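# Understanding the architecture of this molecule
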Amino acid sequence: MKRRNFIKKTSLSTFTALLGVDIVFGNLLPAGYVPLALQQADPFTLFKKDKEMKVLNDRPWNMEAQAHLLDDSITPNNYMFIRNNGLIPTTIDVDNWTLTIDGESVQKQKTYTLSELKSKFKHYTYQLTLECGGNGRSEFNPPAKGNQWTIGAVSCANWTGIRLKDVLNDAGIKENAVYIGYRSADTHLTGDVDKAPISRGVPMSKALQDETILAFKMNGEDIPLVHGYPLRLVAGGWPASASGKWITGISIRDKVHDGAKMKGASYRVPCKPVAPGSKVKDEDMCIIESMPIKSLITYPKSGALIKKGRNIEVRGHAWAGELGVSKVEYSIDYGTTWNDCNLENPANRLAWQHFSATVGFPSTGYYEVWAKATDTENSAQPMLLPGWNPKGYLNNACHRIAIKVV
Ligand SMILES: Nc1nc2c(c(=O)[nH]1)N[C@H]1C(S)=C(S)[C@@H](COP(=O)(O)O)O[C@H]1N2
Ligand SMILES: [Mo]
């Protein structure tokens, strides 16, 4: 009798997660066979992204939105940027997925299954802003290596999960705890299974905040595979690199976490401003924590034509890391004069805030609309580039759109 090798259960669940529907007869797929629908898929189909999203890299996959695509108050999956440091896991077995809490400062190392986590701990839902530390990198000079993000590496989705602090407290936190560090299931680009593509973390104070969650749902559904299915750490307001996807472990550390991309120039900036192009000593680099005040005009689309005499509603979002936004202003004269926008309260702490303004233009011709947000500690966005740093992080310059009045 002929023996057929059937596909492993783990690859089957990954295919199912990618396709978003059950594969009927999936248990009969031959080993090594990739379903046609996935073989033929372009990244937009594969990740269910809008065709106007921009692909920055395909190994690893990195994609960003454009400002006008981010007009929704809560970012839907099809407009959410993708940032991967390694290869998306191909062996997700949800039924046997576990999370281990360990490290020097855990009282008792503990391993939970996904269903234990979901049944044992209370569920919470928050809108959380995630911005890549490198968003805006493309504008720096001298240029910084890495994905040349323009303005589209930011999102604010509705995340549902359990509080990280509830799980950490369940395992027990020793008094000498300083930091947490995550482990995840993606693979290093070299394929070396002993190397993590990324393993970052946050200080205990951030780990223990109410809004720092281990999420299993995004916008009310299973998290899409590329965004961290089946379990994701979400630490809103900090560089999104702190929000580990495909989480399998959290270590409670007795020192600053020293995993991949915690050292050198990775997600670190000069502690004090430096001249563009400077070499900065390792000990003069500081880990990025709360992200700076920033805003984005999501309507109208840059380049819009407006009929003379017509007012338009300009709108967008503003966010300020751990802080709130106290004010958003707009200018149509290159920052010479500013007018207040209406500003809404956030849905919860760490959610972005919506702003709008009715804007009129005095005559026909070319204009720019600039938006400038100020945080609750009175820091405002710089009009043009902020301080240069080796990896091009934290560009929070005012967003500008072009308008033609005809
Ligand atoms: N496991 C894992 N988690 C990760 C990453 C990664 O490559 N692997 N990238 C990080 C970075 S740098 C960013 S900006 C965000 C991007 O999240 P998104 O792709 O869901 O938008 O995920 C973070 N979490
Ligand atoms: Mo990032």
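Preceding this section is the structure that the text describes.
These numbers come from a predicted model, not from an experiment.

### A closer look at the overall build of the protein
- On a plain count of helices and strands, the protein comes out with 6 helices and 24 strands.
- By its C-alpha atoms, the protein is 80 × 55 × 40 Å across when sized along the principal axes.
- Across the 406 residues that make up the protein, the buried fraction comes to 51%.
- Within the protein, contacts between residues separated by at least 24 positions form 70% of all contacts whose residues are at least 6 apart in sequence.

### Some words on the pairing of strand E22 (residues 353–359)
- A large share of E22 lies buried, amounting to 6 of its 7 residues.
- Pairing of strand E18 (residues 312–319) with E22, which is carried by 7 bridges, proceeds in the antiparallel orientation. Across the sheet, Gly-316 pairs through a bridge with Phe-355, a residue of E22.
- Relative to E22, strand E21 (residues 342–343) runs antiparallel, the two sharing 2 bridges. Counted as the bridge partner of Leu-343 is Phe-355 from E22.

### Points about a nonpolar patch on the surface
- A grouping of Phe-6, Val-24, Phe-25 and Leu-28 is seen on the molecular surface, where their side chains present a nonpolar patch of about 440 Å² in accessible area.
- With respect to the helices, strands and loops of the structure, Phe-25 is situated in the loop between helix H1 (9–19) and helix H2 (36–39).
- For Phe-25, a relative accessible area of 63% puts it in the exposed group.

### Brief notes about the environment of Val-55
- Position of Val-55 among the secondary structure elements: in strand E1 (residues 54–58).
- Judged by relative accessible area, which is 36%, Val-55 ranks as partly exposed.
- Taking C-alpha positions, Val-55 is 32 Å from Val-405, a pair spaced 350 residues apart along the chain.
- In this structure Val-55 touches Pro-43, Phe-44, Trp-61, Asn-62 and Met-63, once residues within four positions along its chain are discounted.

### Here we look at the site of ligand 1
- Near ligand 1, the surroundings consist of 19 residues, among which Asn-85, Asp-186, His-227, Arg-232 and Lys-245 are the closest.
- One of the backbone N or O atoms of Phe-81 is found 2.7 Å from an oxygen atom in ligand 1.
- Compared with its free state, where it exposes 530 Å², ligand 1 has 100% of that area covered by protein.

What counts, and at which threshold
- Residues numbered from 1 in each chain as written.
- Chains lettered and ligands numbered in written order.
- Predicted model: local features only at pLDDT ≥ 70, side-chain atom pairs only at ≥ 80, totals over all residues.
- Heavy atoms only, no water.
- Helix = DSSP H or I, 4+ residues; strand = E, 2+ residues; numbered from the N terminus.
- Buried < 20%, exposed > 50% of the residue type's maximum accessible area, 1.4 Å probe, protein only.
- Contact = heavy atoms within 4.5 Å.
- Pairing = 2+ DSSP bridges.
- Patch = residues over 30% accessible without salt bridge, like charges linked within 9 Å, V, L, I, M, F, W, Y side chains within 5 Å.
- Areas by Shrake-Rupley, 256 points an atom, 1.4 Å probe, with all protein chains shown as cover.
- Salt bridge = Lys/Arg side-chain N within 4 Å of Asp/Glu carboxyl O.
- Near = heavy atom within 4 Å.
- Polar contact = N/O pair within 3.5 Å; in protein donor to acceptor, adjacent residues only side chain to side chain.

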